[in-house]
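Below are the chains, spelled out letter by letter.
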Amino acid sequence: MAKKDLGKDKFGIQRVMRRRDYLGDCMGQFSLNAISGLVGQLTYFYTDKVGLAAGAVATSFLIVRIIDAFTDLIMGYIVDHTKPGQEKYRPWLLRMVIPTAVLIIMLFTVPSGLGSAFQMVYMFLTNFLLSAVIYTIICVPYSALIVVRTSSQEERSRMGTWRAAAGYVSGMVIAVAIIPITNMLGGDQKAWIIFGGILGVIAAILLFVTYKTSRETNPADMEQSMQQPEEEGIPMKEAIGNLFHNKYWVMALVMGVCSNVVYGLGNSSGTYYAKWIYGNDNLMGIMGAVGMIPTLLGFLTIGLFIRFLGVTKTLQATFLLGSLSQILRLINPYDFTYNLILGCVSTFANIPMMCVLGVLTAMAIDYNEYQFGKRMVASSQSATSFAGKIGNGVGTSMIGWCLAIAAYDPNAAVVTEATKQAIFTFNIYAPALMFVIMFICSLRFDLEKKLPGIHEEIAKRKSAKA
């Protein structure tokens, strides 16, 4: 039985994605954000449940993230140099199913009674293995699938939206549930281990679902891909040099890092704000539940915004909105309702960037081919995981450093003024700065309107070589 023709998008590119394809694909992002979401909660876990020093935790996280960032470029190089005729992307997802579940559980099994030095080493190693190894091996090929699965920018944007939605659900489940559930289970380390174990198993199962439902080459490109030789890999030094000479890839990377700083801070810092500014950490449940409203609105409306404004103008409008929402919080940072509403606006403003980072890097891939004659798909899409890990790492480290500077005491009876300012820094000042940086970058990202001409030029070059 012949499959139903899904028609062409507004640029004349054949559509190949059905709803079940989007659903299966986005499950991988749920698993990835389960990892990053849990890592975002670790500062609170290590300081308030294990008893480690906030400054030491922050520094350890930063070292992991610095090392971690370069593993993305290495993984992109490895994937791009897979032998011709073999699948490049899907097999990596299958290989990481069991390690994902195991390492998520190990995050919280910090041995007690062996001294803080041993605990710090254990913390560093488990974070390194989960973030720099497991997460990277999943994220780089998974990000590249968005390019090879379909040639339609419309479908790529929709894949990005589905992925971001699944990622936000994962992140919000952690933000809303982790404190109330672990408190209900006793609030101790054992409770966090149980929560991590359940989430680790779910993440592993959903990663396997993505593996089973993904394809390496979309049907519309199958015939063309068999007619053309596969792109040869280029030396790693040259590949990295090309990427950093592609100004659009660099701008996408910067915006991705800033967006993930905002996302990481939003997931990790609210507990401190609820506990010390509002006086009740169980308010995190309400904050997270209400935060789902702008999240859902964002995913429901992002397609309309992109259809009428395009990707770049949508980002410009929402980045400006995010900047204003954070600045207005300074008027009264203590009022729960006022800050909850403005926090929802900030959440809404960050959703488009989380949806289209893969689309921006896909545009940059076309520019790679135009400028250098090489697409470098996996290496280029490593920007997605690179930005995610650097952004979340900076956000997590920022929390620890601010608390360390303020001489934070988790057992204090009354919050000090220094601790208040530290909490305001990573809840208000830093997100506001990130939105301003993203807005400036988006004003300079003019590649979207140049793409039709770039595609024509690439087609002419290929015809001349034929």
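Since this is a predicted model, take the numbers as computed values, not measurements.

Quick notes on the rules
- Residues numbered from 1 in each chain as written.
- Predicted model: local features only at pLDDT ≥ 70, side-chain atom pairs only at ≥ 80, totals over all residues.
- Heavy atoms only, no water.
- Helix = DSSP H or I, 4+ residues; strand = E, 2+ residues; numbered from the N terminus.
- Rg over C-alpha atoms; globule rule 2.2 N^0.38 Å.
- Buried < 20%, exposed > 50% of the residue type's maximum accessible area, 1.4 Å probe, protein only.
- Contact = heavy atoms within 4.5 Å.
- Lys, Arg positive; Asp, Glu negative; His and termini not counted.
- Charge placed at Lys NZ, Arg CZ, Asp CG, Glu CD.
- Expected span 1.5 Å × (residues − 1).
- Bend = angle between axes of the 7 residues up to and from the residue.
- Polar contact = N/O pair within 3.5 Å; in protein donor to acceptor, adjacent residues only side chain to side chain.
- Phe/Tyr/Trp six-rings, centres within 6.5 Å; stacked < 30°, edge-to-face > 60°.
- pLDDT = per-residue confidence, 0-100.

1. Description of the overall build of the chain
Here is step 1 of the chain: From N to C terminus, the chain includes 17 helices and zero strands.
Here is step 2 of the chain: The globule rule puts the C-alpha radius of gyration for 466 residues at 23 Å, and the 22 Å found for the chain is close to it.
Here is step 3 of the chain: If you line up the chain on its principal axes, its C-alpha atoms span 75 × 45 × 45 Å.
Here is step 4 of the chain: Residues classed as buried in the chain amount to 57% of the 466 residues present.
Here is step 5 of the chain: Considering only residue pairs separated by 6 or more positions, the chain has 82% of its internal contacts joining residues 24 or more positions apart.
Here is step 6 of the chain: Between the averaged position of the 38 positive side-chain charges in the chain and that of its 29 negative side-chain charges there is a distance of 3 Å.

2. Here we look at helix α14 (residues 336-372)
Here is step 1 of the chain: Compared with the 54 Å implied by 1.5 Å per residue over 37 residues, the 52 Å span of α14 between its first and last C-alpha is a close match.
Here is step 2 of the chain: The principal kink in α14, of about 50°, is found at Val356.
Here is step 3 of the chain: A large share of α14 lies buried, amounting to 27 of its 37 residues.
Here is step 4 of the chain: Its side-chain oxygen 3.3 Å from the backbone nitrogen of Thr337, Asp335 forms the N-cap of α14.
Here is step 5 of the chain: After α14 finishes, the residue Gly373 shows a positive phi value of roughly 80°.

3. Structural notes on the packing of aromatic side chains
Here is step 1 of the chain: Under the counting rule described, the total for this entry stands at 21 aromatic pairs.
Here is step 2 of the chain: Seen in terms of ring centroids, Tyr273 and Tyr278 are 5.1 Å apart; in terms of plane orientation they differ by 65°. Their pairing is edge-to-face. The exposure classification of Tyr273 matches that of Tyr278, with both residues buried.
Here is step 3 of the chain: When the centroid spacing of 6.1 Å and the interplanar angle of 90° are considered together, the rings of Trp276 and Tyr408 count as edge-to-face. One end of the pair, Trp276, is in helix α12 (residues 270-277); the other, Tyr408, is in the loop between α15 (377-405) and α16 (417-444), and 132 residues separate them in sequence. Across this residue pair, the class does not change: Trp276 and Tyr408 are buried.

4. Remarks on the confidence of the model for the chain
Interpreting fine coordinate detail is not advised for predicted regions of low pLDDT.
Here is step 1 of the chain: Across the chain, the average pLDDT comes to 83, with 91% of residues at 70 or higher.
Here is step 2 of the chain: Counting contacts from residues 218-229, a segment whose pLDDT is below 50, to residues more than four positions away or on other chains yields 13 contacts.

5. Topic: the environment of Ala175
Here is step 1 of the chain: Among the secondary structure elements, Ala175 is positioned in helix α7 (residues 153-184).
Here is step 2 of the chain: We classify Ala175 as buried; its relative accessible area is 6%.
Here is step 3 of the chain: Apart from residues no more than four positions distant in its own chain, Ala175 is found in contact with Gln41, Asn267 and Met284.

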